[in-house]
Amino acid sequence: MNKLRELVCFRLQRGLFAVDISTVREIVRPQRTTRVPKSPVHVLGVTNLRGHVIPVLDLRLKLGMQQREQNTLCRTLVMEIAGALVGFAVDEVTGIVRLPWDVIEPVDALGALKGSELISGVARHGDELICLLDLRGVAESGASLALMSVIPDWQEPEPAAQSSVVPLKKAA
């Protein structure tokens, strides 16, 4: 008996993409993000999701697509990668698809194409092709690097010079 692989499918531009359902913690409507200085253009910023500050990456920009305008269909896939939560903004979540493992073709032939390292396989579903993404690669080989990319280079404050300020005496 052929085992089924469960995938969360979503759209970016007109393409259909998917990730393994076991990596998706939740799917939420876009939240307000705070842009972090010096972060890459594909990092929308950080958001507070029920007490967890997480980075949110624009998957379109990371994959070299044009920036999109948010609409009511847009969603954020919250995924746990290397023990950290990371949000990925997508155009629309289309649903969950169950596919036999043997219909997912490896992408060895795409090895020379830029960005193919982010694709773990391609599957035919009806009249469409689904590109399976390895979002660990999208998050720069792990969430820890994705988190570092959104945290600015904080510097230790320089030691204060000798102060010539005389402390005030308390009134008696």
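## Quick notes on the overall build of the protein
And step 1. Assigned secondary structure in the protein consists of three helices and eleven strands.
And step 2. Starting at the N terminus and walking to the C terminus, you meet the elements of the protein as β-β-β-β-β-α-β-β-β-β-β-β-α-α.
And step 3. Burial statistics for the protein: of 172 residues in total, 38% are counted as buried.
And step 4. Counted over contacts in the protein with a minimum sequence separation of 6, partners at least 24 positions apart contribute 54%.
And step 5. Accessible area for the protein stands at about 11400 Å²; split by element, carbon and sulfur atoms hold 53% of it.

## A short note on the sheet that holds strand β8 (residues 92–100)
And step 1. The strand order across the open sheet formed by six strands is β8-β1-β2-β11-β10-β9, and the pairing between neighbours is mixed. Both edges of this open sheet fall to β8 and β9 (104–105), since each of them pairs with a single strand only.
And step 2. Here strand β1 (residues 4–12) runs beside β8; their pairing, made up of eight bridges, is antiparallel. Counted as the bridge partner of arginine 5 is leucine 99 from β8.

## A closer look at the sheet that holds strand β4 (residues 43–49)
Adjacent strands of a sheet form backbone hydrogen bonds with each other and so pair up, either parallel or antiparallel.
And step 1. As summarised here, the arrangement of the five strands in space is β3-β6-β7-β5-β4, forming an open sheet in which the pairing is mixed. Sheet topology places β3 (24–28) and β4 at the edges, where each strand pairs with a single neighbour. Pairwise comparison of adjacent strand axes, ignoring direction, gives a mean angle of 30° for this sheet.
And step 2. Here β4 runs beside strand β5 (residues 52–58); their pairing, made up of six bridges, is antiparallel.

## What to know about the packing of aromatic side chains
For any two aromatic rings, the description comes down to two numbers: the centre-to-centre distance and the angle of the planes.
And step 1. For the coordinates displayed, the defined rule picks out one aromatic pair.
And step 2. Relative to phenylalanine 17, the ring of phenylalanine 10 has its centre 6.2 Å away and its plane inclined at 20°; by these criteria the two rings are stacked. Phenylalanine 17 shares its class with phenylalanine 10; the two are buried.
And step 3. Looking at arginine 5, its charged tip hangs above the ring of tryptophan 101, at a distance of 4.7 Å from the centre.

## Overview of the environment of valine 90
And step 1. Its location among the elements puts valine 90 in strand β7 (residues 84–90).
And step 2. Taking C-alpha positions, valine 90 is 5.6 Å from arginine 75, a pair spaced 15 residues apart along the chain.
And step 3. If sequence neighbours within four positions are ignored, valine 90 has contacts with Phe10, Arg11, Leu12, Leu59, Arg68, Cys74, Arg75 and Leu77.

What counts, and at which threshold
Residues numbered from 1 in each chain as written. Predicted model: local features only at pLDDT ≥ 70, side-chain atom pairs only at ≥ 80, totals over all residues. Heavy atoms only, no water. Helix = DSSP H or I, 4+ residues; strand = E, 2+ residues; numbered from the N terminus. Buried < 20%, exposed > 50% of the residue type's maximum accessible area, 1.4 Å probe, protein only. Contact = heavy atoms within 4.5 Å. Areas by Shrake-Rupley, 256 points an atom, 1.4 Å probe, with all protein chains shown as cover. Pairing = 2+ DSSP bridges. Axes fitted to C-alpha atoms, helices over the stretch in contact; angles between N-to-C directions. Phe/Tyr/Trp six-rings, centres within 6.5 Å; stacked < 30°, edge-to-face > 60°. Lys NZ or Arg CZ within 6 Å of the ring centre and 35° of its normal.

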